[in-house]
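Results of the structural survey
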Amino acid sequence: MKSILDKIFKRTNNLDYISKEIKNLSKRPHINKIFKLINNFSLDSEIRYVGGCVRKIIKKELVDDIDLATNLSPSEVTDILKKNDIDFYDTGLEHGTITVIIEENKIEITSLREDIKTDGRHAEVKFSKDWKKDALRRDFTFNAIYSDAEGNLFDPFNGKDDLEKGLVRFIGNVNQRINEDFLRILRYLRFFLNYSKQPHDLGVISKLRRNIEGVSNLSKERLLDELKKITKLSTLEKLSKDKICLEIILAIFP
């Protein structure tokens with residue numbers, strides 16, 4: 001009985017912590033401003049935290065970048081920013097991503113989307129208002145957790161539970177996810193080294209190996225950016241002890 005109660009209270013305390021940290025994040029003036037402008041745009045407009053910043057809060061890590069998702073189109077977002085004299089630049093407008101700059105703070109805002117066609121490097125997208133469809137195109141369950149400014153989570157694939165269990169799980173069909181973007185092979189390795197408490201799923205590893213040649217189609221910039229994240233000291237130490245991850249890394253960067 002005590003063990004069951006401990007688990008319940010631990011889960012509740014963690015939810016309270018997540019909610020508190022997200023609320024604190026939302027109090028920052030530049031973030032609060034963006035949330036207010038987009039949420040007040042129309043009766044249906046909405047913006048949420050997504051991806052790395054939510055994942056890092058759950059894991060009690062330093063939040064060093066802010067990614068937001070909105071059900072507004074890129075043109076609606078840029079109109080709001082222009083009307084309020086907020087600086088921004090096009091990070092990848094064809095994919096719905098805009099980088100906002102407020103008092104030297106950068107925030108990425110991406111419109112909800114579906115991937116219509118992919119080639120392992122680029123994607124042709126269709127903008128959407130459906131949060132679940134946006135989540136379906138993401139790579140891992142814990143990167144498809146959304147939160148409003150009050151810390152209420154939208155977690156369609158139980159990514160929070162996976163993160164707390166140390167389970168690195170692709171969303172949907174593993175082979176399909178990898179073929180949509182071959183960088184996900186390296187992202188799997190990085191997240192496994194940082195978060196996993198479970199042994200490798202050999203079925204997943206087989207699919208990573210089978211698709212490894214696709215990495216050669218990626219730009220050097222994207223590869224090097226991901227490699228830098230893997231070669232942090234704490235991750236390198238884990239890499240040296242994980243023969244499977246090391247083997248795949250050496251196949252990509254011999």
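Just so it is clear, the structure is predicted and the values come from calculations on it, not from any experiment.

1. With respect to the overall build of the chain
Scanning the chain from N- to C-terminus turns up twelve helices and nine strands. Taken over the C-alpha trace, the chain has a radius of gyration of 19 Å; the compact-globule value for 254 residues is 18 Å, and the two agree within 12%. The dimensions of the chain, computed from C-alpha atoms along their principal axes, are 55 × 55 × 30 Å. Within the chain, the proportion of its 254 residues that are buried is 46%. In the chain, of all internal contacts separated by at least 6 residues, the share reaching a separation of at least 24 is 60%. Surface summary for the chain: the accessible area is close to 13,900 Å², and the carbon and sulfur share equals 51%.

2. Comments concerning the pattern of salt bridges
Oppositely charged side chains may form a pair once their charged atoms are brought near each other. Within the structure shown, the criterion is met by 15 salt bridges. With a shortest N-O distance of 2.8 Å, Arg 184 and Glu 180 are connected by a salt bridge. Across the pair, Glu 180 and Arg 184 agree in class, each one buried. In this structure, the salt-bridge partner of Asp 181 is Arg 222, at a minimum N-O distance of 2.8 Å.

3. Quick notes on helix H9 (residues 202-210)
Turning to H9, its buried residues number three or more, namely Val 204, Ile 205 and Leu 208. Around the axis of H9, the buried residues are gathered within 100° of arc, so they sit on the same side. Facing away from the buried side of H9, by more than 90 degrees, are the exposed residues Leu 202 and Arg 210. In this fold, the buried residues of H9 make contact with helix H7 (174-180), helix H8 (183-195) and helix H12 (243-252). Where H9 begins, one side-chain oxygen reaches toward the backbone nitrogen of Gly 203, 2.8 Å away; that side chain belongs to Asp 201.

4. Comments concerning the side chain of Ser 111
Looking at the secondary structure, you find Ser 111 in strand S5 (residues 105-111). Within polar-contact distance, the side chain of Ser 111 engages the backbone oxygen of Leu 72 at 2.7 Å. Beyond its immediate sequence surroundings of up to four residues, Ser 111 is in contact with Thr 70, Leu 72, Ser 73, Pro 74, Gly 96, Phe 127 and Asp 134.

5. Focus on the pairing of strand S1 (residues 47-50)
Along S1, one buried face is formed by Ile 47 and Tyr 49 and the opposite face, lined by Arg 48 and Val 50, is buried too. Strand direction decides the pairing type here: S1 and strand S8 (residues 146-147), joined by two bridges, are antiparallel. Of the residues in S8, the one forming a bridge with Val 50 is Tyr 146.

6. Section: the packing of aromatic side chains
Using the criterion set out here, one finds twelve aromatic pairs in the structure. Consider the rings of Tyr 146 and Phe 154, whose centres lie 5.7 Å apart with planes at 45°: the pair is tilted. Exposure remark for Phe 154: the relative accessible area of 27% places this residue in the partly exposed category. Both rings, one in Phe 191 and one in Tyr 195, keep their centres 6.2 Å apart while their planes meet at 15°; by these two values the pair is stacked. Residue Phe 191 and its partner Tyr 195 are located together in helix H8, separated by four residues, close to a single helical turn. The pair formed by Phe 191 and Tyr 195 is uniform in burial state, with each residue classed as buried. Aromatic rings pair up to connect Phe 140, Phe 142, Phe 170, Tyr 188, Phe 191, Phe 192 and Tyr 195 into one cluster.

7. Brief notes about the packing of H9 against H12
Two elements in contact, H9 and H12, have axes separated by 11 Å at closest approach and are oriented at 10°. Judged by the inter-axis angle, H9 sits roughly parallel to H12. Along its contact with H9, which presents Leu 202, Ile 205, Leu 208 and Arg 209, the element H12 presents Ile 244, Glu 247 and Ile 248. Taken together, the residues of the contact of H9 with H12 sort by class into five nonpolar, no polar and two charged.

8. As for H12
For H12, the full list of buried residues reads Ile 244, Cys 245, Ile 248, Ile 249 and Ile 252. An end-on view of H12 places all buried positions within 130° of arc, on one side of the element. Summarising the geometry of H12, the exposed residues directed more than 90 degrees from the buried face are Lys 243 and Ala 251.

Criteria and thresholds
- Position numbers for residues count from 1 along each chain, tracking the sequence in the order it is written.
- Restriction of local features to residues with pLDDT of at least 70 applies here, the model being predicted, together with a cutoff of 80 or more for giving and counting side-chain atom pairs; totals for whole chains, interfaces and linings are based on all residues.
- Side-chain descriptors were evaluated using all non-hydrogen atoms of the structure, hydrogens and water having been removed beforehand.
- Only DSSP runs of H or I reaching four residues or more are called helices, and only runs of E reaching two or more are called strands; each is numbered from the N terminus.
- C-alpha atoms define the radius of gyration in this analysis, and the globule rule sets the expected value at 2.2 Å times the number of residues to the power 0.38.
- Type-normalised accessible area, obtained with a 1.4 Å probe on protein chains alone, sets the label of each residue: buried when under 20%, exposed when over 50%, and partly exposed for intermediate values.
- Should any heavy atoms of two residues lie within 4.5 Å, those residues are considered in contact.
- Only the protein chains shown count as cover for residues, and the accessible areas themselves come from Shrake-Rupley with a 1.4 Å probe.
- Take a side-chain nitrogen of Lys or Arg and a carboxyl oxygen of Asp or Glu: if they are within 4 Å of each other, that pair is a salt bridge.
- Directions drawn from the helix axis to the C-beta atoms are what define this arc.
- Pairing of N or O atoms within 3.5 Å defines a polar contact, subject to two protein rules: one partner must be a possible hydrogen donor and the other a possible acceptor, and residues neighboring in sequence count only if both atoms are side-chain atoms.
- Two strands qualify as a pair provided DSSP detects at least 2 bridges between them.
- For this analysis, a ring pair means two rings from Phe, Tyr or Trp (six-membered ring only for Trp) whose centres lie within 6.5 Å, classed as stacked if their planes differ by under 30 degrees, edge-to-face if by over 60, and tilted for the remaining angles.
- Angles shown run from 0 to 180 degrees and are taken between the N-to-C directions of axes, each axis being a line fitted to C-alpha atoms and, for helices, limited to the stretch in contact.
- Any angle between 65 and 115 degrees counts as roughly perpendicular, while under 35 counts as roughly parallel, over 145 as roughly antiparallel, and the rest as oblique.
- For this classification, Asp, Glu, Lys and Arg are treated as charged, while Ala, Val, Leu, Ile, Met, Phe, Trp, Tyr, Cys and Pro are nonpolar and the rest, including Gly, are polar.

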